[in-house]
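The lines below spell out each chain.
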Amino acid sequence: SLQIIQAESWRRGKLAELIAYFRAGAQQLGLDLIPSVSAIQPIVLGDSQVAIQASEYLLQQGIWVSAIRPPTVPQGSARLRITFSAMHEQQHVDRLLAALEGVPV
């Protein structure tokens, strides 16, 4: 891992670009993002059942996003946990954003 970090610094840059691209698109959709520059991008939905339904809907679209709910997070702050990697491409983010737009909430 340390050798990859040293030899392939492009990965950090690409990941930062993907995160910024996602955050801009998610904000345009009016999603409730928690401030984060990490590969984990939480979207707060509030209600646990809504988070579960959103996660299931995304899975039906071929996108795996976990629903995180109490007791892991405080009551009323259930969320989707989106995790990016440098292996993702902008087209993956576009697909995710399109699917998020269709999430029935």
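Our subject is the structure that appears above.
The sections below set out a description of the structure shown in this document.

Concerning the environment of Leu80
And step 1. Along the chain, the position of Leu80 falls in strand β3 (residues 78-83).
And step 2. According to the relative accessible area criterion, Leu80 is buried, its value standing at 1%.
And step 3. Along the chain, Leu80 and Val50 lie 30 residues apart, while their C-alpha atoms are 9.8 Å from each other.
And step 4. In this view, Leu80 contacts Gln41, Pro42, Ile43, Leu45, Ala51, Ala54, Ser55, Leu58, Val65, Ser66, Ala67 and Leu100; residues no more than four positions away in its chain are not counted.

Some thoughts on unusual backbone geometry
And step 1. Here Pro70 and Pro71 are connected by a cis peptide whose omega angle stands at 10°.
And step 2. Its place among the elements puts Pro71 in the loop between β2 (66-68) and β3.

Some points on the side chain of Ser77
And step 1. On the secondary structure map, Ser77 appears in the loop between β2 and β3.
And step 2. You can call Ser77 buried: its relative accessible area is 12%.
And step 3. If we ignore the near neighbours within four places in the chain, the residues touching Ser77 are Val44 and Gly46.

Focus on the side chain of Gln41
And step 1. Along the chain, Gln41 turns up in strand β1 (residues 40-46).
And step 2. In this structure the side chain of Gln41 is engaged in a polar contact, spanning 2.6 Å, whose partner is the side chain of Arg23.
And step 3. Ignoring anything within four residues of it in the chain, the contact list for Gln41 reads Ile19, Phe22, Arg23, Ser36, Leu80, Arg81, Ile82 and Phe84.

Description of the pattern of salt bridges
And step 1. Within this structure, the stated rule accounts for one salt bridge.
And step 2. One salt bridge in this structure joins Glu89 and Lys14, with 2.9 Å as the shortest N-O distance. Pair noted here: Glu89 is in the loop between β3 and α4 (90-101) and Lys14 is in helix α2 (residues 10-28), with a separation of 75 residues, a long-range link.
And step 3. Classification of Glu89 by relative accessible area gives partly exposed; the value is 37%.

Here's the deal with helix α3 (residues 48-60)
And step 1. The end-to-end C-alpha separation of α3 is 19 Å, in line with the 18 Å expected for 13 residues at 1.5 Å each.
And step 2. All of the buried residues in α3 are Ala51, Ala54, Ser55 and Leu58. Buried residues of α3, viewed axially, fall in a sector of 100°; they line one side.
And step 3. Here the buried face of α3 lies against β1, β2, β3 and α4.
And step 4. With a side-chain oxygen lying 3.0 Å from the backbone nitrogen of Gln49, the N-terminal cap of α3 falls on Asp47.

What counts and how
- Residues numbered from 1 in each chain as written.
- Predicted model: local features only at pLDDT ≥ 70, side-chain atom pairs only at ≥ 80, totals over all residues.
- Heavy atoms only, no water.
- Helix = DSSP H or I, 4+ residues; strand = E, 2+ residues; numbered from the N terminus.
- Buried < 20%, exposed > 50% of the residue type's maximum accessible area, 1.4 Å probe, protein only.
- Contact = heavy atoms within 4.5 Å.
- Polar contact = N/O pair within 3.5 Å; in protein donor to acceptor, adjacent residues only side chain to side chain.
- Salt bridge = Lys/Arg side-chain N within 4 Å of Asp/Glu carboxyl O.
- Expected span 1.5 Å × (residues − 1).
- Arc of directions from axis to C-beta.

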